[in-house]
Amino acid sequence: MRVSYEWLKSMVDLPEDPHDLEREFIRTGTEVEAVEVVGANLDHVVVGQVLEMEHHPTSDHPLWVCKIDVGDNNLGEDGKPKPLQIVCGAQNFKTGDKIVVSLVGAVLPGDVKIKKSKLAGIESCGMNCSERELGLGNEHDGIMILPADAPVGMPFSQYHGDSDVVLDCEITPNRPDCLSMEGMAVETGAILDEDTHIELPAIAHEGLVRTDSMVEVAIADRELCSRYVARVVRNVKIGPSPEWLARRVIAAGSRPINNVVDVTNYVMFLTGQPLHAFDLGKLSERAGKRHIVVRAAADGEHLTTLDGEDRTLTHDMAVITDDGVRPVALAGVMGGLDSEIDGDTVDVLLESACFQSGHISRTSRALNLMSEASIRYERKVDAASCDEVADVAAALFEACCGAEVCRGRVDVYPTPVEAAHVILRPDRARALCGADIPDATMVHYLERLGCVAVLAPEAGEIQVVPPTNRPDLTREADLVEEVLRLWGMGDVTATLPAAKNHAGGLTLEQQRVRLIGSTLRACGLNETLTYGFADEHDLERLGMPEEGRGCAVKIINPLLADQSEMRRSIIPGLLRSVAYNVDHGVEDVALYEVGHVFHGRPTRSQPDEPTYVAGVLAGSWDRDGWNSKHAPLDFFDAKGVIEDLTDALRLTKIRFKPTDPDKYPWLQPGRAAEVFDAGDLLGWVGNIHPASAANFGVECDVVAFELSVEALLRKARRELPYVEVPSLPGVDVDLAIVVDEEVTCEMLMQRIESAGGKLLDSVRLFDVYRDPVRVGPGKKSMAFALTYRAADHTLTSDEVEKAHDKLVKKVCRSTGGEVRG
Amino acid sequence: MAMIDDLKAIEAQAAKGISGAPTLDDLDRIRVAVTGKKGSLTGVLRSMGAVPPEQRPQVGKFANEVRGRVEEALEARRVELSHAAMQARIAADAVDVTLPGRRPQVGSQHLISQIVEEMEQIFCGMGYRVMDGPQVETTYYNFTALNAPEDHPSRSARDTFYVVDNAPEGKEAHVQGESDVLLRTQTSGVQVHTMEEHEPPIYMICPGTVYRPDTADACHLPQFTQIEGLVVDEGITFGDLKGTLDYFCREMFGSDRATRYRPHFFPFTEPSCEVDVSCGVCGGKGCRFCKGTGWLEILGCGMVDPNVFGFSGIDPEKYSGFAFGIGAERVAALRYDLPDLRMLMTGDMRFLRQF
């Protein structure tokens, strides 16, 4: 809402400095987006007159080479006024027109500096200006044409009058009243504690011809329209609006068109009630009358709106029809082209109606057509004042268009709105605000806002009747808000809740989710976030079967084709991040994400949203340093990360089993494992299959993992039992054992541990060695460091030897291995 | 008294050798040669039998003194030499300390989750719990129960992602989208879930991902992170809201930051307001960063609307409460003056490792 300071000042006393008002607006909830000074800073801008205009001789574009008289502002060598040569692209002017000229040296809004220049080879010594270029309005289709009596050479700022200030205010959707100058005046009066002095024009003379003898109105669908007031004015003289009217229409952000249209716009800006003027002569006549019928549009019905667009309508939209048949306006949004006011209009049918907000809002969105009217209807206009507003408009038609006002109105108002009656308990208000606001102050605030407020002290309540243009004031809480914002939120003392009987903090599970993150970071992985959206082909591209991941959660209105559903795995997003890094020259990538995935269910509305932790490793941990070398990251780096993670969560029965390539086609066979805790599958770790990685633009080796956070948390423990720290020395013995390739490390370790008995304290694999000659084909040598220890005495070498011999025999027998000499 | 002379000679020679011994090994050789089993001094002491008995005490005493002095000298020289050796080793060991250290690779936490954790920390300190809710939500929880009118523009497909409803029967009328299931546009729905599932007092925050159909650009993401807060208890006032959010803003942005409460409108709170903190760049004087206003908009909040209590079955006469919502990306952008929010989603290691 653009609020002209000059206009507002005519209705309520304002501070000298508009910025003081801006601050008060902000304090009480009216956001001010900009404070614009209009009509100022227009040095070197003068009134000019077009003396001659010729087509530009060479330009392909339609340019005019003009001679413009600017009076004394440009003198020839003889000291006499000399016309300026200006090249101009506008097409809306003719010889003799008075226009606005920026001379060389002018600086226009937006820091546009006017210099002598050449346009298509011809010298141009200034600029003919549009409203927009002057910062006066939005009009930019042509240059501004001034009335014929504008004095040539006069500085434009002098001609145009005092500059004005416009506060561009953002009005919240609950305040339709503030989409009008009247409403803003009441609001401002309440904020500043000033009386308003709003004078509305009144009809001077009503003719003898009655409106209801010329017009009938019917509302076919009461849900669409709660009131329809029609007034007729006759014999209008179409022409430009008076200066004051045009200026206010411009200040409000519209552009002057002609006096009739300008009056409807002006009254809308003044009262918030959208109006529409039909050319009465263009409406069909039956039995000497025009028949206005408000009805729902038919699906597929067409209407050409004022902007010249052919609109296809639906049954959800409301139309104004000519006798129920031909649509002549899209109700509440825009008039029809067929019944538009034009230069030949004689009689005008004025509509002041109240259309249902939901329909208007949907219509406006469906047609992508927003208008000053639709914005106001969307937020509800006040049906109670349609009649008064029609009278105000009629009075202005009379004053500004020379119209004769027909007697009376046609007013279809099936169910008059009733003012709300709301009880405000001052004690309740004080309790909610936490501020000691006196009863009388509350009453005063509410009265300033146009409410009738009566304090009933014995009942401990204020009985309030809000004005009908405040649909947001229906409950006590709404009034509390009004009281609080006028009292000043800043003046409420800040306190902390005096809370009883509650405790807070993270749950154990939440703490463990944090532990997962901190452990992965300690391992060297960096946390990232990727989109919850997915491409519908993501799983397919990865080669990840849908099984176990539910059905896709499809977005009906995606922004992008590759974000058309919700992800079922974090891995595709992470692979994209790997590709992004590699493409940007970052080869070492270590990322993880903890997040939800979406597993849809075919018969339920909402999907399961399990949490997963997933990671990707590519390149090395770091580039090699002067004193540190980094091997390429491989399967065992990822596995090590998982081992640290499961340790941190105190999972004790972790096993890694080779994956079945049929079940894990996105992983490289032989370098992938399922991760179990006891019998429970936690997830997987492995190299992404090179073919899958390539589908995401990744050419390097990527090791990844994906674990179910729920599964991890189910088995996580707070602590493990304490194990005595050894106080007696142990005996270290190395054992290299040659086994078949099929014998896994896990198998060998199990055998060693079970064969070692009580005395075997620990086993550590420190080498795996293959050599067809020294070890033998199909075989490997695995070297273990064993530590023997007894808790109660220092072992003798005999004891160790005995135990070790026994271990070696047992292990060799059960694995077919041989001790390597 | 030839033996005394011998002792004196040995002592003199040993002293000379000891003081001149260049290394610990040389010194040790001297020790062996003088006081070792076959050493010269040991030899002399061994031949004490040849000394006439009446001279023995005197010679013996002298011999022991010589031995003591020699041993003392040996020890002193050993200390000296080993100290020198350590000094030499240290000197040889010196490095250029400006060479880079050998750093364990430690990962970084994503900026957004740092901010979320920071907020969780602040509110947990005030006795809040952290709640979660579904991201694929119903229109009821995302809008209706939050008092958003049926025709509210935020419900339109232009402002909300709708998803295909696999079980559409028995739902609310399809007013806006083709579906009653959507990607939550706000974490506010968790307010309703929490009030349905828990009796007051409720002190909770809910950080979570939300979605809106805004094309990703420098200032927008179609997916971002909101932190919702809700307090429901007896006697909660607007002053409590202010005290809580003032505390939060000081903890989050610094104790020198001021706050400003501007009345605003949200369907689910009444009264509602937006909170600004004073600009940290200019200290509130107005600069490019705060667009000359001196203030930065941080969050929306208000007293819980009685209608919302009604939907959740909480008696608004007995309880009152406040709610607030903060965008984590907004906080991140303000704290670091991020030029492009899309950086948050690319996984660029060079970006992630800065935080």
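Residues numbered from 1 in each chain as written. Chains lettered and ligands numbered in written order. Predicted model: local features only at pLDDT ≥ 70, side-chain atom pairs only at ≥ 80, totals over all residues. Heavy atoms only, no water.

Right, let's talk about the overall build of chain B for a bit. Helix and strand counts for chain B stand at 12 helices and 10 strands. Against the compact-globule benchmark of 20 Å for 355 residues, chain B has a radius of gyration of 42 Å, which places it well outside the compact range. Dimensions along the principal axes, computed over C-alpha positions, put chain B at roughly 130 × 50 × 45 Å. Here chain B holds 355 residues, and 54% of them are scored as buried. For chain B, long-range pairs separated by at least 24 residues make up 65% of all intrachain contacts whose partners lie at least 6 apart in sequence. Per element, the accessible surface of chain B, about 16000 Å² overall, is 53% carbon and sulfur. Charge separation in chain B, taken as the distance between the mean sites of 36 positive and 50 negative side-chain charges, equals 17 Å. (Helix = DSSP H or I, 4+ residues; strand = E, 2+ residues; numbered from the N terminus. Rg over C-alpha atoms; globule rule 2.2 N^0.38 Å. Buried < 20%, exposed > 50% of the residue type's maximum accessible area, 1.4 Å probe, protein only. Contact = heavy atoms within 4.5 Å. Areas by Shrake-Rupley, 256 points an atom, 1.4 Å probe, with all protein chains shown as cover. Lys, Arg positive; Asp, Glu negative; His and termini not counted. Charge placed at Lys NZ, Arg CZ, Asp CG, Glu CD.)

All names here are of chain B. Between Pro-200 and Pro-201 the backbone carries a cis peptide bond, its omega angle lying at 0 degrees. Along the chain, Pro-201 turns up in the loop between helix 7 (189-197) and strand 5 (202-211). Between Glu-270 and Pro-271 the backbone carries a cis peptide bond, its omega angle lying at -5 degrees. Of note, Pro-271 is situated in strand 8 (residues 269-278).

All names here are of chain A. Inspection of the entire model under this criterion finds 77 salt bridges over all chains. The salt bridge partner of Asp-342 is Lys-282, with a shortest N-O separation of 2.7 Å. Within this pair, whereas Asp-342 is found in the loop between strand 24 (334-335) and strand 25 (348-355), its partner Lys-282 is found in the loop between strand 17 (275-279) and strand 18 (285-286), the two being separated by 60 residues in sequence. A network of salt bridges, in which partner residues are shared, links Arg-175, Asp-177, Glu-187, Arg-470, Asp-472, Glu-482 and Arg-485. (Salt bridge = Lys/Arg side-chain N within 4 Å of Asp/Glu carboxyl O.)

Residues and elements named next belong to chain A. Where helix 2 (residues 18-28) meets helix 5 (residues 181-192), the closest approach of the two axes is 10 Å, and the angle between their N-to-C directions is 90 degrees. The pairing of helix 2 with helix 5 is recorded here as roughly perpendicular in orientation. Side by side, helix 2 and helix 5 meet where Leu-21, Glu-24, Phe-25, Arg-27 and Thr-28 of the first sit next to Met-184, Glu-187, Thr-188, Ile-191 and Leu-192 of the second. (Axes fitted to C-alpha atoms, helices over the stretch in contact; angles between N-to-C directions. Parallel < 35°, antiparallel > 145°, perpendicular 65-115°, else oblique.)

What follows covers the packing of aromatic side chains. Residues and elements named next belong to chain B. Here the structure, examined in full by the defined rule, presents 21 aromatic pairs over all chains. Aromatic side chains Phe-123 and Phe-248 sit 5.2 Å apart centroid to centroid with 25 degrees between the ring planes, which places their arrangement in the stacked category. Of this pair, Phe-123 sits in helix 5 (residues 111-125) while Phe-248 sits in helix 8 (residues 238-253), placing them 125 residues apart in sequence. For Phe-123, a relative accessible area of 0% puts it in the buried group. Assessed through its relative accessible area of 0%, Phe-248 is described here as buried. Between Tyr-128 and Tyr-203, the ring centres sit 5.7 Å apart and the planes meet at 80 degrees, which makes this aromatic pair edge-to-face. A residue pair is termed long-range when its members are at least 10 positions apart, and Tyr-128 in the loop between helix 5 and strand 1 (129-130) and Tyr-203 in strand 5 qualify at 75 residues. The exposure class assigned to Tyr-128 is buried, which follows from its relative accessible area of 2%. On the basis of relative accessible area, Tyr-203 is assigned to the buried category, the value being 6%. (Phe/Tyr/Trp six-rings, centres within 6.5 Å; stacked < 30°, edge-to-face > 60°.)

Further remarks concern the interface of chain A and chain B. At the interface, 95 residues of chain A touch 95 residues of chain B. In this assembly, chain A packs against chain B so that about 7500 Å² is buried in total across both faces, 54% of it on carbon and sulfur atoms. At the junction of chain A with chain B, the criterion picks out 5 salt bridges. Of the charged contacts in the structure, one is a salt bridge between B:Arg262 and A:Glu31, with a shortest N-O distance of 2.6 Å. At the level of secondary structure, the elements contributing two or more residues to the side of chain A that touches chain B comprise helix 2, helix 8 (357-367), helix 11 (426-433), helix 13 (476-487), helix 14 (508-522), strand 31 (526-527), helix 16 (571-583) and strand 34 (589-596) of chain A. Ranked by the residues each element gives to the side of chain A that touches chain B, the list is headed by helix 13 of chain A, at 6 residues. Taken together, the residues that form the side of chain A that touches chain B break down as 39 nonpolar, 33 polar and 23 charged. (Buried area = accessible area lost by both parts, 1.4 Å probe. Nonpolar A, V, L, I, M, F, W, Y, C, P; charged D, E, K, R; others polar.)

Attention now moves to the sheet that holds strand 2 (residues 136-138) of chain B. Sheet strands pair via backbone hydrogen bonds, and the direction of the pair is either parallel or antiparallel. Residue and element names in this part refer to chain B. Strand order across the open sheet formed by 3 strands is 2-4-3, with antiparallel pairing between neighbours. Edge positions in the sheet fall to strand 2 and strand 3 (162-163), since each of these pairs with one other strand and no more. As paired strands, strand 2 and strand 4 (residues 181-183) are joined by 3 bridges and run antiparallel to one another. Residue Thr-138 lies in a different strand from strand 4, and its bridge partner there is Val-181. (Pairing = 2+ DSSP bridges.)

Here we take up the layout of surface pockets. Taken as a whole, the second largest pocket spans an internal volume of roughly 1500 Å³. Here the element with the most residues in the lining of the second largest pocket is helix 17 (residues 635-648) of chain A; it accounts for 7 residues. (1 Å grid on protein atoms, 1.4 Å probe; cavity = no way out; pocket = protein on both sides within 12 Å on 5 of 7 lines; lining within 4 Å. Points joined across faces, edges and corners; volume = space filled by probe spheres on them.)

When the domains of chain B are assigned, the result is domain 1 (2-92) and domain 2 (112-135 + 184-352). Inter-centroid distance (C-alpha atoms) of domain 1 of chain B to domain 2 of chain B is 85 Å. (Domains from an automatic or database assignment.)

Under the counting rule described, the total for this entry stands at 3 cavities of 30 Å³ or more. Considered as a void within the structure, the largest cavity measures approximately 130 Å³ in volume. Lining the largest cavity are 16 residues, with A:Thr28, A:Gly29, A:Thr172, A:Asn174 and A:Arg175 positioned closest to its centre. Contributing elements (two or more residues each) for the lining of the largest cavity: helix 13 of chain A together with strand 7 (259-266) of chain B. Taken together, the residues that form the lining of the largest cavity break down as 4 nonpolar, 6 polar and 6 charged.

Looking now at a positive patch on the surface. On the surface, A:Lys802, A:Lys806, A:Lys809, A:Lys810 and A:Arg813 cluster together to form a positively charged patch. Mapping A:Lys806 onto the fold places it in helix 21 (residues 797-815). (Patch = residues over 30% accessible without salt bridge, like charges linked within 9 Å, V, L, I, M, F, W, Y side chains within 5 Å.)

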